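Per-entry structural report
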Amino acid sequence: RLLFFRMLFGERAADGRLLPLTRISPSTCFEHPEGLVLADDVFIGHFNVIEALHGVRIDTGVQITNFVSILTHSSHRAMRLMGNEYGTVPIEQRPGFVAGPVHIGAFCFIGPHSVIEANTTLGKGCLVASHSRVRGAYADFSVIAGSPAQRVGDTRDGDEPYLARHPEWRSRYEAWAGKDALSQARMGR
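Attention in this report is confined to the structure presented alongside it. (Residues numbered from 1 in each chain as written. Predicted model: local features only at pLDDT ≥ 70, side-chain atom pairs only at ≥ 80, totals over all residues. Heavy atoms only, no water.)

Here we look at the state of the cysteines
Under the criterion given, the structure shown has zero disulfides. Free of any disulfide, Cys 108 has its nearest cysteine sulfur in Cys 126, 4.4 Å distant. With a relative accessible area of 1%, Cys 126 lands in the buried category. (Disulfide = S-S within 2.5 Å. Buried < 20%, exposed > 50% of the residue type's maximum accessible area, 1.4 Å probe, protein only.)

If you want it as structure tokens, here you go:
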């Protein structure tokens, strides 16, 4: 990929499949791309780092804005503890070494300057607020914010007024979100 700032459609997945609706900025850095499973209709903006050594799965319709880091391992603690011996010991024997996959569910939005850490799962329809540090498992439709991040709301609460004004889109929304997703939101999940 040449380094110029023009979003292009028609990326390819690691397995060679054409992803005609996916757009990835050429300034996004992929480390260990063989560990990335990418669906179609994904947007990945400028100046992101996606490190996929332990597996990253990004489902359809995900939007990753700018300056986002998605990381599947963290070695800083192990390096401090072990000093110069760090590189001489197998990964599984390094104290404080964290490693694990990341899964970002369908139609999630990741705000700018966020970090998605190892062993994180975002359910479908989640929104990560800018400047969040996210680790752990989050239910479908979670609004996630903070450092460390916490669930602070439900995206369906914001979706319902738009669907009320545009009922022609309700069936499309229900097709991916689930037919009773909005009624579950009203009943308090």
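Regarding the sheet that holds strand 7 (residues 56-58)
Backbone hydrogen bonds hold the strands of a sheet together, and the pairing may be parallel or antiparallel. Read from one edge to the other, the open sheet built from five strands follows the order 4-7-12-15-18, with strand pairing classed as parallel. The sheet is open, and its two borders are formed by strand 4 (36-38) and strand 18 (137-138), each paired with just one other strand. Summarising the sheet, strand 7 and strand 12 (residues 102-104) pair through three bridges and their orientation is parallel. Residue Val 56 lies in a different strand from strand 12, and its bridge partner there is Val 102. (Pairing = 2+ DSSP bridges. Helix = DSSP H or I, 4+ residues; strand = E, 2+ residues; numbered from the N terminus.)

Some thoughts on the packing of aromatic side chains
Counted under the stated rule, the structure contains four aromatic pairs. An angle of 20° between the planes, with centres 5.3 Å apart, marks the rings of Phe 47 and Phe 67 as stacked. One end of the pair, Phe 47, is in the loop between strand 5 (43-44) and strand 6 (49-51); the other, Phe 67, is in the loop between strand 8 (63-64) and strand 9 (69-70), and 20 residues separate them in sequence. Given a relative accessible area of 43%, Phe 67 falls into the partly exposed group. Geometrically, the ring pair formed by Phe 141 and Trp 176 is tilted, given 5.9 Å between the ring centres and 40° between the ring planes. Linking Phe 141 in the loop between strand 18 and strand 19 (142-146) with Trp 176 in helix 3 (residues 170-177), this pair joins segments that are 35 residues apart in sequence. One aromatic cluster in this structure is built from Phe 107, Phe 141, Tyr 173 and Trp 176. One cation-aromatic arrangement involves Arg 94 over Tyr 86; the distance from NZ or CZ to the ring centre is 4.1 Å. A cation sits over an aromatic face here: Arg 165 above Tyr 162, 4.8 Å from the ring centre. (Phe/Tyr/Trp six-rings, centres within 6.5 Å; stacked < 30°, edge-to-face > 60°. Lys NZ or Arg CZ within 6 Å of the ring centre and 35° of its normal.)

Brief notes about the sheet that holds strand 9
Read across the sheet, five strands follow the order 3-6-9-14-17 without closing on themselves; strand pairing throughout is parallel. On the outer flanks of this sheet lie strand 3 (29-31) and strand 17 (133-134), each paired with one strand and no other. Of the strand pairs in this sheet, strand 6 and strand 9 are connected by two bridges, and their pairing is parallel. In the sheet register, Ile 50 faces strand 9, and the bridge partner there is Ile 70.

What about the pattern of salt bridges?
What the rule picks out here adds up to eight salt bridges. Glu 160 is the salt-bridge partner of Arg 170, the closest N and O atoms lying 3.3 Å from each other. Remark: Glu 160 occurs in helix 2 (residues 155-165) and Arg 170 occurs in helix 3; sequence separation between them is 10 residues. With a shortest N-O distance of 3.4 Å, Glu 174 and Lys 179 are connected by a salt bridge. (Salt bridge = Lys/Arg side-chain N within 4 Å of Asp/Glu carboxyl O.)

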